[in-house]
Amino acid sequence: MRPQLISILVANLLVASPLAFAEDGDLQWSGSVTAGARYVDDKVDDPSKLNEYRELGSGGTGIFSVSGHVEKPGNYELPLGLPFPELLAVAGGMRGGRKLKAVIPGGSSCPVVPAEKMMTLTMDFDTVKAAGSGLGTCATIVMDETTCMVKTLRRLARFYHAESCGQCTPCREGTGWLHRVLTRIIDGNGTKADIDMLVDVANKIEGHTICALGDAAAWPVQSFIKHFRHEFEYMVEHKGRSIVDDLESQAA
Ligand code: SF4
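Residues numbered from 1 in each chain as written. Predicted model: local features only at pLDDT ≥ 70, side-chain atom pairs only at ≥ 80, totals over all residues.

K.L.:
What exactly am I supposed to notice about unusual backbone geometry here?
P.N.:
The backbone of C138 sits at a positive phi, close to 65 degrees, despite the residue not being glycine. Mapped onto the elements of the fold, C138 is located in the loop between α4 (125-130) and β9 (139-144). Look at K239: it is not a glycine, yet its phi comes out positive at around 55 degrees. Tracing the chain through its elements places K239 in the loop between α8 (213-237) and α9 (243-251). Judged by local crowding, K239 falls into the exposed class, with 11 C-beta atoms found within 10 Å. (Helix = DSSP H or I, 4+ residues; strand = E, 2+ residues; numbered from the N terminus. Buried ≥ 20, exposed ≤ 12 C-beta atoms within 10 Å, placed from the backbone.)

K.L.:
Please clarify how the packing of helix α5 (residues 149-163) against α8 should be interpreted in this entry.
P.N.:
Think of two packed helices as two axes; the pair is described by the angle between the axes and how far apart they sit. For the pair α5 and α8, interaxial distance at closest approach is 9 Å and the crossing angle is 160 degrees. If you check the angle between α5 and α8, you find them roughly antiparallel. Where α5 crosses over α8, the handedness of that crossing is left-handed. Of α8, the residues touching α5 (which contributes M149, V150, L153, L156, A157, Y160 and E163) are L213, A216, A217, P220, V221, F224, F228, E231, F232 and M235. (Axes fitted to C-alpha atoms, helices over the stretch in contact; angles between N-to-C directions. Parallel < 35°, antiparallel > 145°, perpendicular 65-115°, else oblique. Left-handed = near helix turned anticlockwise from the far one by under 90°. Contact = placed C-beta atoms within 7 Å.)

K.L.:
Would you explain the site of the ligand in this entry?
P.N.:
Around the ligand, the neighbouring residues are S164, C165, G166, Q167, C168, C171, R172, T209, I210, C211, L213 and G214. At the level of secondary structure, the elements contributing two or more residues to the shell around the ligand comprise α6 (169-186) and α8. Of the residues contributing to the shell around the ligand, the split by class is 6 nonpolar, 5 polar and 1 charged. (Near = placed C-beta within 6 Å. Nonpolar A, V, L, I, M, F, W, Y, C, P; charged D, E, K, R; others polar.)

And the structure:
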């Protein structure tokens, strides 16, 4: 009997998500190629067992590209529908034993999910969608308690601004607007009204563009502020200081 979750074919080099976190909690584009491990279990090797999770809405396997604050970021082929805590365990658990703060389950455009909710989810399309996010490309970004959600959102906004082709006005103007307002808040010059304006701009981009990049730029903004608004308010009130940095210095 094969043991559950046997690591095989470690030598197959797969490109892991190039998103990584810098020491200051900012999300960085590393552009590096990481050696990935392919994980399978007996369900993957035995096709008759592949649909065990189909009642949860997804059959077959997914390539989970796990990045962020885990011990073993990489690409893992696993049955869709496995519980998120199992996926986290396959990726080696939280880096340095730190506490999970939030997860972007399906790639940077998918709405962020707070840890408490994420730990109850299974990794299938219907379940993650019902939780207010999406499984997307299965590119799962894991963030620990040291992550500043304002700086992380600014990094994502910068990406979508850079990627906008400029064909439609809400995306062309809106993505730059989001990035500039977030930069203003991080520079210590933001106001509480800026936080509402971010949501307003994101709402006006969503559903009003030719391609899906507009929605992809809007969803992180809406969800980060929905779940972590207090971090944005703290940074405004403290002229650009991150609540994460202040909590860490108090604990030291
Ligand atoms: S939504 Fe798509 S088509 Fe429109 S400007 Fe953005 S990238 Fe271009």
